[in-house]
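Take a look at the letters that make up each chain.
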Amino acid sequence: MDNFSENLQENQELLLDSLRAACKKIAPVWPLENFVAVNPYLGFTHKKFTTVAQELAAAGAVQMTLPTSFYLEKIKSGELLEKDIAQALFNQRVNVSATDFIAKLEKLSDSEELPKTVATVADLASEVTGKDWDRFMIGRISQWAASYFDKGQAVWSAADQDDELFLSWKKEAQLDRTPEVIGLKGFRKFVKSLPDNPLDATQDALEQLGVSADQSSLYFHRLLLKLGGWSAYAARLDWDSELYGGKDGKVIEFLAVLICWEYCLLSSIEDQELRKCWDEAKFSFSSVAAHPEFSQKLNQNLILQDAFDLASQRRIIQKFAQAQPSPTKDTKQVKAQAIFCIDVRSEVYRRNLELVDAEIETLGFAGFFAFPIKYVPIGHEHGEAQCPVLLKTGPIINEKLADEKEHLNALSGRLLHRQAQQVWKSFKSGAVTCFSFVSPMGLSYLPKLFTDSFGMTRPVPHPDREGLSKKTFNKRIVSLEPTQHQGETSGIPLDQQIQMAKNALKAMSLTDDFGRFVLIVGHGSSTVNNPHATGYDCGACGGHTGEANARVVAEVLNNKEVRSALVADNLLIPTNTIFLACLHDTTTDEVSIFNEYDVPAARKEELNSLQRSLVQASQATRTERSLRMSAEKSSSIDQMILGRSKDWSQTRPEWGLAGCSTFVVAPRQRTKAVNLEGKSFLHSYEWKNDPGFSILELIMTAPMVVTSWINLQYYGSTVDNKTFGSGNKTLHNVTAGLGVLEGYSGDLRVGLPWQAIHDGEKYQHQPEKLTVVIEAPIEAINVILSKHQSVRDLVDNGWIYLMVMNEEGKVTHKYSGGLQWDSIAQAAA
């Protein structure tokens, strides 16, 4: 190989490294069919929170705090105290008194400018020519991306989905005359001149733009933030590929598209002023990347945010300090134990269930219940992952009906329903038939429109029902018997059932004192006309309801052979213990039991008593939740709450996880007497039953990380909804079957809509970073932090906070970084 070839290869490797580094800063976003929460700052957790705030402000005017006025209002209301600000000033090593700091803030205006961001060609072209080329560029790329990534929504596709991403864009851009019609002379010619290989094309484009490798980092990041939604979706494709041993590349190709668009835009506009501005702008890339412009305003807001987090921690410490010790656990076998997902909405229901029936205990565990399955409903060829996106799926489980004839009828009925739906969709959206659909067929919809509008009927059937009658739907069971179909093995062999059962029970801290009933309670939601509906379902189940996991867990743990084998591990499940698969509907707060057939006739009264307690708990929970709902004219709270689940005009059917700010890992006795207001994740854990601390390690590396993702998704959507949220829900248009646009064009929106965090008057989710409280020895926690750098980064760099409690349920120490801990009592003194 000659020197020229070696230099070319070396340059391309450096370029690829630079592209990849920028792409890793983009967090993935999952499609609407399984819209799980993601930490929008995922690519930055190895850096300090404050450093990232300055970097993102420079890269794309991204906000990481609310305006100063928000915190000043909290000071006036007494929620944020002077001592909280004093502590924050001390933490940031700012030698100013809290009083002087507040006085100075009151004189400043929120309108003070933040650091100037780096400019792209599109930014400068808009400024110089007076035409909004930035918006035009985003619109054209977004239209192509929606076609390329489409998941079946579009009838016709403009992009070739069989091509690699960059090549598909290049082919479409060479045919699209829109840029030239708008005024970009020779745009298609410049596109055609680019190589088909994305790396070669990027290299050529950067040479024409005059951007060198040492200047590129911040520029690349700026471009990706400009179309952050589609960049995030490409990142999700890379995430899935790497999870199963594949390679990345989708985001890199998408970044190549953005860079090439910049080159073609600059080449198509014959304006010397633009060239001059671009030459000045690009020389600032490297200096800004190395030394982001310091913003006094941003620094003050970061101090206020730190103080706001400290105030939140102060309140949680006080709650545990003032709580009365829970009574000692009774040795008598309890009526029931209910194992809920750690989701914050479960905290409200669990507390009310224990209040209405003292004979029921509750526990908290990740909602997939340690069964990472792939569940295939009746009539479906492929299943969906029912586990956290951090994990690979496990066994494939098929749904069926016990009666073979009924199963075949249900199968054919669901397939026929799906085919009819497809034909109807084609009729409604066909180029010719759509016109005939509106006039003659429109009148037939009037009765349905009337009944739907007044809440008499549900606008659409529940998506899980899909062509099955209610009677048939309630007869579904899971098939655990191993079978072969089209080269895939489904079911769970007995030895694997035993191992999974053992792992689940130990992880749940449920190894003895089993109740007469043990409820495995998954959760889901019921909403209509809501593109983000799956975002209200169980994140631990991959954005699906927890029904499938609950059914499988109950089936396995009711298996006599499994129970017999568990005795060898000292897991003795009484013969009178029955595991019940349940689902908590978080919108209506109703709890359904799926396998009542496992309860013998002699115990039906016990079951009826349990169901009465569940109904009472549901009513109490709805009453408590109604306090957060906006006032509505309704004859009853139940009617108001239930009505929201089928109201197609309702933008806030429930508050989801809004308010989530705490994660408690401890026995239920520590939190039972504490009203955590539906804002805390609760995970049951007994450290004395975990001699090697392997369960604690699992909790800190999985549920703790997932809860931080949820909290930071809500945080990002609150402090900067433009960048990390999805804007106004009433303007949403579903695009490509995978996401939403706000309006008719623009970038794919990520994160939560404004209505999910704000009620129109005040924030229902306030920007509080997650505080994790664990009952376990500090030494054990430090060992786990030392072992897992990514988890340590979260706490060392200020993305979440970590505290420990003692066996009396009092918070005693707070993590201060570098494996060091501060005594709460000493800090207070």
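Residues numbered from 1 in each chain as written. Predicted model: local features only at pLDDT ≥ 70, side-chain atom pairs only at ≥ 80, totals over all residues. Heavy atoms only, no water.

Looking at unusual backbone geometry
Link 1 in the chain: The backbone of Ser509 sits at a positive phi, close to 60°, despite the residue not being glycine.
Link 2 in the chain: Non-glycine residue Ala736 carries a positive phi angle of around 60°.
Link 3 in the chain: Within the secondary structure, Ala736 sits in the loop between β14 (732-735) and β15 (739-742).
Link 4 in the chain: Judged by relative accessible area, which is 4%, Ala736 ranks as buried. (Helix = DSSP H or I, 4+ residues; strand = E, 2+ residues; numbered from the N terminus. Buried < 20%, exposed > 50% of the residue type's maximum accessible area, 1.4 Å probe, protein only.)

Side note on helix α24 (residues 547-557)
Since the α-helix advances by 3.6 residues per turn, residues separated by three or four positions end up pointing in the same direction.
Link 1 in the chain: Buried residues dominate α24, accounting for ten of its eleven residues.
Link 2 in the chain: When we look at burial in α24, the residues that qualify are Glu547, Ala548, Asn549, Ala550, Arg551, Val552, Val553, Ala554, Val556 and Leu557.

What about the side chain of Thr588?
Link 1 in the chain: Within the fold, Thr588 resides in the loop between β10 (578-585) and β11 (590-593).
Link 2 in the chain: In this view, Thr588 contacts Arg622, Arg625, Ile641, Leu642 and Ser645; residues no more than four positions away in its chain are not counted. (Contact = heavy atoms within 4.5 Å.)

Details of the layout of surface pockets
Link 1 in the chain: When its volume is computed, the second largest pocket comes out at roughly 1,300 Å³.
Link 2 in the chain: Lining the second largest pocket are 35 residues, with Gln87, Asn91, Leu310, Gln313 and Lys814 sitting closest to its centre.
Link 3 in the chain: Of all the secondary structure elements, the ones that give two or more residues to the lining of the second largest pocket are α2 (49-60), α4 (82-91), α17 (296-322), α33 (789-796), β17 (801-805), β18 (811-817), β19 (820-823) and α34 (824-828).
Link 4 in the chain: Here the residues of the lining of the second largest pocket sort into 13 nonpolar, twelve polar and ten charged. (1 Å grid on protein atoms, 1.4 Å probe; cavity = no way out; pocket = protein on both sides within 12 Å on 5 of 7 lines; lining within 4 Å. Points joined across faces, edges and corners; volume = space filled by probe spheres on them. Nonpolar A, V, L, I, M, F, W, Y, C, P; charged D, E, K, R; others polar.)

Some words on the pattern of salt bridges
Link 1 in the chain: Scanning the model with the defined rule gives 43 salt bridges in all.
Link 2 in the chain: Measuring nitrogen to oxygen at the nearest pair gives 3.2 Å for the salt bridge that ties Glu79 to Lys74.
Link 3 in the chain: Taking the relative accessible area as the measure of exposure, Glu79 reaches 22% and is therefore partly exposed.
Link 4 in the chain: Here Asp84 makes a salt bridge to Arg314, at a shortest N to O gap of 2.8 Å. In this pair, Asp84 sits in helix α4 while Arg314 sits in helix α17, placing the two residues 230 residues apart along the sequence.
Link 5 in the chain: On the basis of relative accessible area, Asp84 is assigned to the buried category, the value being 4%.
Link 6 in the chain: What emerges from the salt-bridge pattern is a single network uniting Arg20, Lys24, Glu242 and Asp248. (Salt bridge = Lys/Arg side-chain N within 4 Å of Asp/Glu carboxyl O.)

Looking at the packing of aromatic side chains
Two numbers describe a pair of aromatic rings. These are the distance of the centres and the angle of the planes.
Link 1 in the chain: Summed over the entire model, instances satisfying the criterion amount to 27 aromatic pairs.
Link 2 in the chain: Each ring, one from Trp30 and one from Trp239, has its centre 5.9 Å from the other, and the planes form 75°; the classification is edge-to-face. Note that Trp30 is positioned in the loop between α1 (3-23) and α2 and Trp239 in helix α13 (residues 228-243), a separation of 209 residues in sequence.
Link 3 in the chain: Judged by centre distance (5.1 Å) and plane angle (75°), the rings of Phe49 and Trp799 are edge-to-face. Placement of Phe49 in helix α2 and of Trp799 in the loop between α33 and β17 is noted, with a sequence separation of 750 residues between them.
Link 4 in the chain: Relative accessible area serves as the criterion here: at 0%, Trp799 is assigned to the buried category. (Phe/Tyr/Trp six-rings, centres within 6.5 Å; stacked < 30°, edge-to-face > 60°.)

Section: the sheet that holds strand β2 (residues 360-365)
Link 1 in the chain: Reading across from one edge, β2-β1-β9-β10-β11 is the order of the five strands in this open sheet, with mixed pairing throughout. Looking along the sheet, the strands with just one partner apiece sit at the ends: β2 and β11. The average angle at which neighbouring strand axes cross in this sheet is 25°, direction not considered.
Link 2 in the chain: Of the strand pairs in this sheet, β10 and β11 are connected by four bridges, and their pairing is antiparallel. By the bridge assignment for β11, His584 is matched with Val591.
Link 3 in the chain: In this fold α24 packs onto β9 (517-524) and β10, with an angle of close to 175° to the strand it touches most, β10.
Link 4 in the chain: Most of the contacts of helix α26 (residues 604-626) go to β11, to which it runs at about 155°, and overall it touches β1 (336-341), β2, β9, β10 and β11. (Pairing = 2+ DSSP bridges. Axes fitted to C-alpha atoms, helices over the stretch in contact; angles between N-to-C directions.)

Here we look at the environment of Arg670
Link 1 in the chain: Here Arg670 shows up in helix α28 (residues 668-671).
Link 2 in the chain: The residues contacting Arg670, other than those within four sequence positions of it, are Phe320, Glu775, Met805, Asn806, Glu807 and Gly809.

Let's talk about the sheet that holds strand β13 (residues 680-683)
Link 1 in the chain: Overall, mixed pairing links the six strands, which are arranged β13-β12-β16-β17-β18-β19 in an open sheet. The open sheet is flanked by β13 and β19, the only strands paired with a single partner. Direction aside, the axes of adjacent strands within the sheet are offset by 25° on average.
Link 2 in the chain: Pairing between β18 and β19: four bridges, direction antiparallel. For Tyr815, the partnering residue across the bridge sits in β19 and is Trp821.

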